[in-house]
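One-letter residues, chain by chain:
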Amino acid sequence: MTTNKNTSHKPRARELGLPFTGVTGPHNAITDVANVAVGLHSVCEDAPRPGRPLPVRTGVTTIVPHPQADIPVPVFAGVHRFNGNGEMTGTHWIEDGGYFLGPIAITNTHSVGIAHHATIKWMLERYLSTYHGSRPRWIMPVVAETFDGILNDINALALTEADVRAALDKAATGPVAEGNTGGGTSMIAYGFKGGTGTSSRCLTIADRKYTLGVLVQANNGQRDWLTVCGVPVGRHMADIAPGADMTERGSIIVIIATDIPMAPHQLQRLARRGTMGIGRNGTPGGNNSGDIFLAFSTANAEPLRDTPPALRSLEMLDNDQFDPIYMAVVDAVEEAVINAMLAAETMPGTIDGRLGIEAIPHDRLVKIMRDYSRLEISA
């Protein structure tokens, strides 16, 4: 069975009255940034395959900058590795060249290869006419991962080229499904069901309006660390098993998109601020976690050409304007992680006794937040 979105809506953080700050875009999603599309594709099977210990429950998430372009459009970017137990391809060139070309795909640890292969093939076919019947000379998309092998038969290598292409073909603007969706299908966060989450912020700088959005694949943390809007929620939910005693064994990928004109070195600084966002949720960046951040800007769009101009002009914001942008990143990342957990659905275990993972209970969370006087409304 394949799915592209949640079948039911659960309240997001702000709908529950959690006091997150900042003005969001219309969808409170990374797709509020112009020229950014997201595609989600899940692959879920009801029972384990013959001789296998776990069912297949995985997927892939794609983020496509400039999705309507009929020619590849490089985007300036910056990366940051907080804790390196994970993978994100293409980062060496981003650090040296300052940009990447093509979609971002996020999946499980053992599917990086097929996701990279399929994304390249998708780009070759999409841009064939651009090059007058010849192939683009060089393509290097970004593919990142987190480990879903607790709830998914990761060693079955079930994700296929067709699955990745489906996520790329589904990429669209508008609302983004969260929780058990795409690459986040079987991810676990703070001992609860985690997955895909997103949020956005609107800013006005020097009388110009901008948008910043984030998308996370949250698979990190342990229960006693979980903090929501400054409240030590995890300590008050130690009785909810399984998951309460799980140690750090996952990762988080954070993608930050904006239409603010920034140079690569500024985007690298932006990516670093994402660490403070996940830190607000309680993680110190555990030893077994891959905490990897990528920030990119859709501004200064210039299509890739065989003979680029010798000189190029670009617009970039002055560094002195960055403090509210940094705060927007921190706030949006914090909220995106909680949105991922609130949207997630409990994923059951298997008949051989392997444990499932519970979704965080909304009613318990609301009660705890109310006890700490941290609700904005009477939820």
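This text follows the structure it describes.
About the criteria used
- Residues numbered from 1 in each chain as written.
- Predicted model: local features only at pLDDT ≥ 70, side-chain atom pairs only at ≥ 80, totals over all residues.
- Heavy atoms only, no water.
- Axes fitted to C-alpha atoms, helices over the stretch in contact; angles between N-to-C directions.
- Helix = DSSP H or I, 4+ residues; strand = E, 2+ residues; numbered from the N terminus.
- Parallel < 35°, antiparallel > 145°, perpendicular 65-115°, else oblique.
- Left-handed = near helix turned anticlockwise from the far one by under 90°.
- Contact = heavy atoms within 4.5 Å.
- Nonpolar A, V, L, I, M, F, W, Y, C, P; charged D, E, K, R; others polar.
- Phe/Tyr/Trp six-rings, centres within 6.5 Å; stacked < 30°, edge-to-face > 60°.
- Buried < 20%, exposed > 50% of the residue type's maximum accessible area, 1.4 Å probe, protein only.
- Lys NZ or Arg CZ within 6 Å of the ring centre and 35° of its normal.
- Pairing = 2+ DSSP bridges.
- Core = buried A, V, L, I, M, F, W, Y, C linked by side-chain atoms within 4.5 Å.
- Expected span 1.5 Å × (residues − 1).
- Salt bridge = Lys/Arg side-chain N within 4 Å of Asp/Glu carboxyl O.

**A word on the packing of helix 4 (residues 264-280) against helix 5 (residues 323-343)**
Packed helices, taken two at a time, are described by their axes: the angle between them and the distance between them.
So, step 1. Packing of helix 4 against helix 5 brings their axes to within 7 Å, and their N-to-C directions diverge by 45 degrees. On the basis of their axis angle, the class for helix 4 and helix 5 is oblique. Taken as a pair, helix 4 and helix 5 cross one another with a handedness that is right-handed. On the side of helix 4, the interface is formed by R269, L270, R273, G274, M276, G277, I278 and R280, while helix 5 contributes I325, Y326, M327, V329, V330, D331, V333 and E334.
So, step 2. Considered class by class, the residues forming the contact of helix 4 with helix 5 number nine nonpolar, two polar and five charged.

**Details of the packing of aromatic side chains**
So, step 1. One pass over the structure, following the stated rule, counts three aromatic pairs.
So, step 2. Taken together, a centroid distance of 5.8 Å and an interplanar angle of 85 degrees make the contact between W93 and Y99 edge-to-face.
So, step 3. Taken together, a centroid distance of 5.7 Å and an interplanar angle of 70 degrees make the contact between F322 and Y326 edge-to-face.
So, step 4. Look at Y326 and you get buried, because its relative accessible area is 9%.
So, step 5. Above the ring of F192, the side-chain terminus of R223 is found at 3.7 Å from the ring centroid.
So, step 6. R273 extends its terminal NZ or CZ atom over the ring of Y326, reaching a point 3.9 Å from the ring centre.

**Section: the sheet that holds strand 11 (residues 208-219)**
So, step 1. Reading across the sheet, the six strands line up as 5-4-13-12-11-10 and stay open at both edges, with mixed pairing between neighbours. Two strands lie at the open edges of the sheet, namely strand 5 (99-100) and strand 10 (195-205), each paired on one side alone.
So, step 2. Bridge count between strand 11 and strand 12 (residues 251-258): eight bridges; the pairing is antiparallel. Residue pairing in the sheet places N219 in a bridge with S251 of strand 12.
So, step 3. In the packing of helix 4 onto the sheet, contacts are made with strand 4 (75-84), strand 11, strand 12 and strand 13 (290-297), and the angle to strand 4 comes to roughly 40 degrees.
So, step 4. Along the sheet, helix 5 contacts strand 10, strand 11 and strand 12; its crossing angle with strand 10, the most-contacted strand, is approximately 155 degrees.

**Section: the environment of T107**
So, step 1. Among the secondary structure elements, T107 is positioned in strand 6 (residues 104-108).
So, step 2. In sequence terms T107 and A310 are 203 residues apart; their C-alpha atoms lie 38 Å from each other.
So, step 3. In this structure T107 touches G59, V60, V112, A115, A144, E145, T146, L159, G183, M187 and Q217, once residues within four positions along its chain are discounted.

**Considerations on the nonpolar core**
So, step 1. Residues L18, L270 and I325 are the most contacted members of the largest nonpolar core, which totals 54 residues.
So, step 2. Contributing elements (two or more residues each) for this core: strand 10, strand 11, strand 12, helix 4, strand 13, helix 5 and helix 6 (362-371).
So, step 3. Ranked by residue count, the leading element in this core is helix 5, at 12 residues.
So, step 4. Not counting residues up to four positions away in its chain, the partners in contact with L270 are L212, I256, M262, A295, I325, Y326 and V329.
So, step 5. F100, I104, I292 and L294 belong to the second-largest nonpolar core, a separate cluster that totals 26 residues.

**As for the environment of L157**
So, step 1. Within the secondary structure, L157 sits in the loop between strand 7 (142-146) and helix 3 (161-170).
So, step 2. By relative accessible area, which is 54% here, L157 ends up exposed.
So, step 3. Taking C-alpha positions, L157 is 9.9 Å from T109, a pair spaced 48 residues apart along the chain.

**Quick look at helix 4**
So, step 1. If you check helix 4, its first and last C-alpha atoms are 26 Å apart, about what 17 residues at 1.5 Å a residue would give, namely 24 Å.
So, step 2. Looking at the buried side of helix 4, the elements it contacts are strand 4, strand 11, strand 12, strand 13 and helix 5.
So, step 3. Just downstream of helix 4, G282 is the residue with a positive phi angle, here 120 degrees.

**As for the pattern of salt bridges**
So, step 1. Counted under the stated rule, the structure contains 12 salt bridges.
So, step 2. Two residues, R280 and E334, come together in a salt bridge whose shortest N-O distance is 3.0 Å. Of the two residues, R280 is situated in helix 4 and E334 in helix 5; the sequence distance between them amounts to 54 residues.
So, step 3. When its relative accessible area of 7% is taken as the criterion, E334 is described as buried.
So, step 4. Residues D371 and K367 are paired through a salt bridge, measuring 3.0 Å at the closest nitrogen-oxygen approach. One end of the pair is D371 and the other is K367, both in helix 6 and four residues apart, which spans about a single turn.
So, step 5. Taking the relative accessible area as the measure of exposure, D371 reaches 53% and is therefore exposed.
So, step 6. Each of R14, R201 and E335 takes part in one network of salt bridges that share partners.

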